[in-house]
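For reference, the chains in residue letters:
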Amino acid sequence: MSAPASPEVRPLRIAVFASGRGSNLQALHRAITHDALPAQLVGVFSDKAGSGAIAYAEAQHIAHSHLDPKSFATREDFDAALMQKAAAVTPDLIVCAGFMRIISETGIRAAACPMINIHPSLLPKYPGLHTHARALAAGDAEHGASVHRVEAVLDGGRILSQAKIAVMPDDTPERLAQRVLAIEHPLLIATVRAIAEGRITLSEGADTRVSWLNHRLELE
Ligand code: GAR
């Protein structure tokens, strides 16, 4: 008698919201195509027609769409349309990867599934913009990146995971941004993998432990 087949883990269906270059999107996609992430990219959505993220999705034949904020009367109208488009690809998770728009509370409530965001600072330090320059101006010895649940507070949802690097004496905001970006990619992949495998749950309250990316590029 043959052993019962182990239940297939259904790949996590991921939609990505991105405004710019799209390197985090590319990192996620590469991890998926190299079987390092049990997930499927079901859609890429952007507020910028000419973004690298949209160009990448197009080149890779990933479903994508662009919505122009100027065609909507209010932020809430834009967010409603965005969430409706995203819902159509039935995602399990929305990943904001360089999505440079504030999503209204109405938009967050309308999301079809949980949403996470990657932010280039060790939250709760430096929500918002210019995080690298702010870390340097403050004389911080360490800087890094965080992945958090999207909640109705700018960059203020429950922190799920973080990775940090040392600030170097000759760092400029640009150099620091480049080194932080290099740890963002493995952090985002490891965090999404932990969600896909149920090691990080998004439905819990606000007080659960933050996972750190350790030197072996796994989440502790
Ligand atoms: C990343 O550094 C990401 O953390 C940041 O934008 C960059 C996008 O890069 N996001 C934010 O600042 C959101 N508050 P990418 O387009 O190459 O992934």
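Here the residue numbering is sequential within each chain, running from 1 through the sequence in written order. It should be noted that, the model being predicted, local features are given only for residues of pLDDT at least 70 and side-chain atom pairs only at 80 or more, the latter also being counted only at that level, while totals for whole chains, interfaces and linings use all residues. Where side-chain values are given, they derive from all heavy atoms of the structure, hydrogens and water being excluded.

1. Here we look at the overall build of the protein
Move 1: Numbering of helices and strands runs from the N terminus, with a helix taken as a DSSP run of H or I at least four residues long and a strand as a DSSP run of E at least two residues long. When helices and strands are counted, the protein shows 6 helices and 8 strands.
Move 2: Reading the helices (α) and strands (β) of the protein from amino to carboxyl end gives β-α-β-α-β-α-β-α-β-α-β-β-α-β.
Move 3: Against the compact-globule benchmark of 17 Å for 220 residues, the protein has a radius of gyration of 18 Å, which places it among compact chains.
Move 4: Seen along its three principal axes, the alpha-carbon backbone of the protein occupies a region of about 60 × 55 × 35 Å. Throughout, radius of gyration means the C-alpha value; the globule benchmark is 2.2 Å times the number of residues raised to the power 0.38.

2. Observations concerning the side chain of R101
Move 1: By secondary structure assignment, the location of R101 is in the loop between β4 (93–96) and α4 (105–110).
Move 2: Buried and unpaired, R101 has D79 as its nearest opposite-charge partner, separated by 4.5 Å. We call a residue buried when its accessible area falls under 20% of the maximum for its residue type, exposed when it is over 50%, and partly exposed in between, using a 1.4 Å probe and counting protein chains only. Working convention for charge: Lys and Arg count positive, Asp and Glu count negative, and His plus the chain ends are omitted. The term salt bridge refers to a side-chain nitrogen of Lys or Arg lying within 4 Å of a carboxyl oxygen of Asp or Glu.

3. Here's the deal with the nonpolar core
Move 1: Ranked by internal contacts, the top residues of the largest apolar core, which has 42 residues, are V16, V95, I116, L188 and V192.
Move 2: For this core, the element with the highest residue contribution is helix α6 (residues 173–196), accounting for 10 residues.
Move 3: The next biggest cluster of nonpolar side chains, apart from the first, holds 20 residues, and it includes V42, F78, I103 and M115. Residues belong to one nonpolar core when they are buried, are Ala, Val, Leu, Ile, Met, Phe, Trp, Tyr or Cys, and are joined through side-chain atoms within 4.5 Å.

4. Things to note about the sheet that holds strand β6 (residues 142–149)
Move 1: Here, any two strands with at least 2 DSSP bridges between them count as paired. The 8 strands lie next to each other as β3-β2-β1-β4-β5-β6-β7-β8, forming an open sheet whose pairing is mixed. Of all the strands in the sheet, just β3 (64–66) and β8 (211–212) have a single pairing partner and so form its edges.
Move 2: Pairs of residues are marked as contacts when any of their non-hydrogen atoms sit within 4.5 Å. To obtain each axis, a line is fitted to C-alpha atoms, and for helices this fit is confined to the stretch in contact; angles are then taken between N-to-C directions over 0 to 180 degrees. Here α6 sits on the sheet in contact with β1 (12–17), β4, β5 (115–119), β6 and β7 (159–166), set at roughly 150° to β7.

5. With respect to the packing of aromatic side chains
Move 1: Any two rings among Phe, Tyr and Trp, with Trp reduced to its six-membered ring, count as a pair given centres within 6.5 Å; such a pair is stacked if its planes are under 30 degrees apart, edge-to-face if over 60, and tilted if neither. Considering all chains together, one arrives at 3 aromatic pairs under this definition.
Move 2: Here the aromatic rings of F17 and F45 are separated by 6.0 Å at their centres, their planes lie at 85°, and the arrangement is edge-to-face. A residue pair is termed long-range when its members are at least 10 positions apart, and F17 in strand β1 and F45 in strand β2 (residues 39–46) qualify at 28 residues.
Move 3: The class for F17 is buried, based on a relative accessible area of 0%.

6. As for the packing of helix α1 (residues 23–33) against α6
Move 1: Look at α1 against α6: their axes get within 9 Å of each other, and the N-to-C directions meet at 50°. Of the possible angle classes, the one that applies to α1 and α6 is oblique. Remark: the crossing between α1 and α6 carries right-handed chirality. Taking contact as the criterion, the partners of S23, N24, A27, L28 and A31 in α1 are, on α6, L181, E184, H185, L188, I189 and V192. Between 65 and 115 degrees an angle is taken as roughly perpendicular, under 35 as roughly parallel, over 145 as roughly antiparallel, and anywhere else as oblique. Should the near helix be turned anticlockwise from the far one by less than a right angle, the crossing is left-handed, and should it be turned clockwise, the crossing is right-handed.

7. Description of unusual backbone geometry
Move 1: In this model, L123 is joined to P124 through a cis peptide bond whose omega is 10°.
Move 2: Looking at the element boundaries, P124 is found in the loop between β5 and α5 (131–137).
Move 3: With a phi close to 60°, D35 is a non-glycine residue in the positive phi region.
Move 4: With respect to the helices, strands and loops of the structure, D35 is situated in the loop between α1 and β2.
Move 5: Its identity is not glycine, yet H130 carries a phi of approximately 55°, on the positive side.

8. Things to note about the site of the ligand
Move 1: The immediate surroundings of the ligand are formed by R21, G22, S23, N24, G98, M100, I118, H119, P120, L181 and E184.
Move 2: The definition of a polar contact used here is a pair of N or O atoms within 3.5 Å, where within protein one atom must be able to donate a hydrogen and the other to accept one, and adjacent residues in sequence count solely through side-chain atom pairs. A distance of 2.8 Å separates an oxygen atom of the ligand from a polar atom in the side chain of E184.
Move 3: In this description, accessible areas are obtained by the Shrake-Rupley approach with a 1.4 Å probe, and a residue is regarded as covered only by the protein chains that are shown. Here the ligand has 450 Å² of accessible area as a free molecule, and 88% of this is covered by the chains.
Move 4: Lining residues are defined by having an atom within 4 Å of a point belonging to a cavity or pocket. Those points lie on a 1 Å grid over the protein atoms alone, cavities being sets where a 1.4 Å probe fits but cannot get out and pockets being open sets with protein on both sides within 12 Å along at least five of seven lines. Molecules are considered to sit inside a cavity or pocket once more than half of their atoms lie within 2 Å of its grid points. At a threshold of 2 Å from the grid points, most atoms of the ligand map onto the largest pocket.
Move 5: Elements represented by at least two residues in the shell around the ligand include exactly α1, β5 and α6.
Move 6: When residues are grouped by polarity, Ala, Val, Leu, Ile, Met, Phe, Trp, Tyr, Cys and Pro land in nonpolar, Asp, Glu, Lys and Arg in charged, and all others, Gly among them, in polar. Grouping the amino acids of the shell around the ligand by side-chain chemistry returns 4 nonpolar, 5 polar and 2 charged. We call a residue near a molecule or strand when any one of its heavy atoms sits within 4 Å of it.

Everything listed is a geometric property; what it means functionally is a separate question.
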